[in-house]
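The chain contents come next:
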Amino acid sequence: SPNIKGLFEKPDYKGTIDLMMELMPDIKTVAVVTDATGIGDLHAKFIQALAPFYVGQLDFMFIHDLAVDTLSRTIQDLPSNSAILYLSFFRAKDGQVLSVDEALQVLCSNPYVPVFTCWDAFIRKEAVGGQVISGMAHGKKAASLAKAMLEGTKLQDLPLLSEDPSTPMVEY
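Residues numbered from 1 in each chain as written. Predicted model: local features only at pLDDT ≥ 70, side-chain atom pairs only at ≥ 80, totals over all residues. Heavy atoms only, no water.

Novice: Just checking my understanding: could you explain helix H5 (residues 135-150) for this structure?
Specialist: Since the α-helix advances by 3.6 residues per turn, residues separated by three or four positions end up pointing in the same direction. Helix length check: H5 (16 residues) gives 22 Å between terminal C-alpha atoms against 22 Å at 1.5 Å per residue, within 8%. Against the buried residues of H5 lie strand S1 (6-8) and strand S7 (160-162). The opening residue of H5 is Ser134, an N-cap whose side-chain oxygen sits 3.3 Å from the backbone nitrogen of Met136. Immediately downstream of H5, the backbone of Gly152 shows phi near 105°, a positive value. (Helix = DSSP H or I, 4+ residues; strand = E, 2+ residues; numbered from the N terminus. Expected span 1.5 Å × (residues − 1). Contact = heavy atoms within 4.5 Å. Polar contact = N/O pair within 3.5 Å; in protein donor to acceptor, adjacent residues only side chain to side chain.)

Novice: For this particular structure, what's the right way to read unusual backbone geometry?
Specialist: Negative phi characterises most residues that are not glycine, and trans characterises most peptide bonds. A positive phi angle, near 55°, is found at Asp65, a position not held by glycine. Its place among the elements puts Asp65 in the loop between strand S3 (59-64) and helix H3 (68-76).

Novice: I'm lost on the side chain of Thr34 in this one. Help?
Specialist: Here Thr34 is to be found in strand S2 (residues 29-34). On the accessibility criterion, Thr34 (1% relative accessible area) is buried. A polar side-chain atom of Thr34 sits 2.7 Å from a polar atom in the side chain of His64. Once residues within four sequence positions are removed from consideration, Thr34 is found in contact with Gly40, His43, Ala44, Ile63, His64, Asp65, Leu87, Ser88 and Phe89. (Buried < 20%, exposed > 50% of the residue type's maximum accessible area, 1.4 Å probe, protein only.)

Novice: Can you walk me through the nonpolar core in this structure?
Specialist: General note: in soluble globular proteins, nonpolar side chains tend to be found buried as a group. If you look at the biggest cluster of nonpolar residues, it comprises 43 residues, and the most contacted ones within it are Ile47, Phe60, Leu71, Tyr86 and Phe89. For this core, the secondary-structure elements that each account for two or more residues are helix H1 (13-23), S2, helix H2 (38-50), S3, H3, strand S4 (82-86), helix H4 (100-107) and strand S5 (115-117). Those residues in contact with Phe89, other than ones at most four positions away along the chain, are Val33, Thr34, Asp35, Leu66, Val68, Leu71, Leu98 and Ala103. (Core = buried A, V, L, I, M, F, W, Y, C linked by side-chain atoms within 4.5 Å.)

Novice: Explain the environment of Ile133 to me, please; I cannot follow it from the model alone.
Specialist: Examined against the element boundaries, Ile133 turns out to sit in the loop between strand S6 (129-132) and H5. Sequence separation between Ile133 and Leu19 is 114 residues, and the spatial gap between their C-alpha atoms is 14 Å.

Now the structure itself:
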């Protein structure tokens, strides 16, 4: 539509999974953590579409829409040849709302199973890393569109931008 302008965010799920495999040659299972929000459902669908590319290499376990205590037990039960792909877990099944730090505290509770993500803002001392989107770069691009509009550029003349390429990032 000519009246829709802005910036697409395209997480590099495949790049993050490939980075997991590079850093963890013995990995067998990727535990994909999402909530039941619209974006959580969308993330899960994208990973389900990628799963066939990894047949014979990886098994995908979808951890979706759990209560925090159930999520914690599930994480504790993961074998050491697993990794967690944290895509979204902000609202637990029981309605509890979690910050990124609170979610990471639960997700990083198994010291033998590293956590990966697709966003630099999710990488903290607990999460290992991923092929990530920069929130800062995303914000700068969005600001440039707003600035152009304020300087008189007509809406129909603005581009619909896609996100900058993701960058591998590892916290060590």
